[in-house]
Amino acid sequence: MTERPGWKFDGKNVVRGSYKFEWNGGFAVSQKRKNIKALHESIERSTGEKSLEISTKSEVNLGSSLSAFVLKLDGVLIECIYQSSKVFENGGPYRDLLNMKPKDAKRDERLQNSGKLIAFNYNGFEWSLRPVTAFYDYIYVKSALQTFDKETLKNGLAEYEWFTDIEFNPKKSVNTQARSAAILKALLTDEKYEVLDTSESWIKYHKSIVKG
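Residues numbered from 1 in each chain as written. Predicted model: local features only at pLDDT ≥ 70, side-chain atom pairs only at ≥ 80, totals over all residues. Heavy atoms only, no water.

A description of the packing of aromatic side chains should follow, citing residues and the corresponding values.
Applying the stated criterion across every chain, the model contains 13 aromatic pairs. Ring plane angle 85° and centroid distance 5.5 Å describe the contact between Tyr19 and Trp162, whose orientation is recorded as edge-to-face. Of this pair, Tyr19 sits in strand E2 (residues 14-21) while Trp162 is found in strand E9 (residues 162-164), placing the two residues 143 residues apart along the sequence. Its relative accessible area of 10% is what places Tyr19 among the buried residues. Judged by relative accessible area, Trp162 falls into the buried class, the value being 5%. Ring geometry for Tyr82 and Tyr136: centres 5.3 Å apart, planes at 90°, overall edge-to-face. Within this pair, whereas Tyr82 is found in helix H3 (residues 78-84), its partner Tyr136 is found in helix H5 (residues 134-147), the two being separated by 54 residues in sequence. Across this residue pair, the class does not change: Tyr82 and Tyr136 are buried. Taken together, Tyr82, Phe120, Tyr122, Trp127, Phe135, Tyr136, Tyr138, Trp202 and Tyr205 form an aromatic cluster joined through their ring pairs. The ring centre of Tyr94 lies 4.6 Å from the NZ or CZ of Arg110, which sits over that ring. (Phe/Tyr/Trp six-rings, centres within 6.5 Å; stacked < 30°, edge-to-face > 60°. Helix = DSSP H or I, 4+ residues; strand = E, 2+ residues; numbered from the N terminus. Buried < 20%, exposed > 50% of the residue type's maximum accessible area, 1.4 Å probe, protein only. Lys NZ or Arg CZ within 6 Å of the ring centre and 35° of its normal.)

As structure tokens, this is what we get:
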């Protein structure tokens, strides 16, 4: 038995729930999809609500298309933007990561050997580390809105209450495309696109709406 989170926009806030299910070991896509199914069944038993997996492992086209390893912002994969924007005590940002494959960028040794992470620098603007996931959520939401028609995206996400990311382990990471997708749904629902205009307005919005 294991436990994994899911996120939803409840009409006011983005909230997190945690659900238990039997874990299927192994690295094959088929095994991961069994885990997705088991997690979604656990959520449905607990809430009576429908879930969408946000990852390349999703069997729903919308979910796989919204993977952070697929989405691009201004022609660059957002995972590479995120990793290449990190500023450390002893180095960075490492802009050459923009041109790598996402998995290679994420595993680049400099990200582990440059000391403490102190900020993000993107498009000439420096982002604070607080709120913890604000920068990642920002580039994710921007890329999704740049990639998809707003109404198509709004209608597609409206079919689901919960969003999951089977690769996300809260004991090892803080960012997840599932939380970002729930924030995206909130933004589309409320049509508050102006909060994306500046880092200050985004951070204010993020603090006000993200509760988990």
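A description of the layout of surface pockets should follow, citing residues and the corresponding values.
Over the atoms rolls a probe the size of a water molecule, and its path tells where empty space is left. Of the voids in this model, the largest pocket is the one considered here, and its volume is about 1,400 Å³. The wall of the largest pocket is formed by 39 residues, among which Phe69, Lys106, Glu167, Phe168 and Ser173 lie closest to the centre. When residues of the lining of the largest pocket are traced back to their parent elements, those giving at least two are H3, strand E6 (86-88), helix H4 (102-106) and strand E7 (117-122). Estimates place the volume of the second largest pocket at around 260 Å³. Lining the second largest pocket we find 15 residues, and of these Ile36, Lys37, His40, Ser51 and Val60 sit closest to its centre. Element by element, the count of residues in the lining of the second largest pocket is highest for helix H1 (residues 29-47), at 6 residues. By residue class, the composition of the lining of the second largest pocket is 4 nonpolar, 3 polar and 8 charged. (1 Å grid on protein atoms, 1.4 Å probe; cavity = no way out; pocket = protein on both sides within 12 Å on 5 of 7 lines; lining within 4 Å. Points joined across faces, edges and corners; volume = space filled by probe spheres on them. Nonpolar A, V, L, I, M, F, W, Y, C, P; charged D, E, K, R; others polar.)

Summarise the sheet that holds E9; cite the residues concerned and give the values.
Spatial ordering of the open sheet is given by E2-E1-E9-E3, a layout of 4 strands whose pairing is mixed. Looking at strand neighbours, the two that pair on one side only are E2 and strand E3 (51-53), the edges of this open sheet. The mean inter-strand angle of the sheet, taken between neighbouring strand axes irrespective of direction, is 35°. Looking at chain direction, E3 and E9 are connected through 3 bridges and run parallel. Its bridge partner lying in E9, Leu52 is registered against Phe163. (Pairing = 2+ DSSP bridges. Axes fitted to C-alpha atoms, helices over the stretch in contact; angles between N-to-C directions.)

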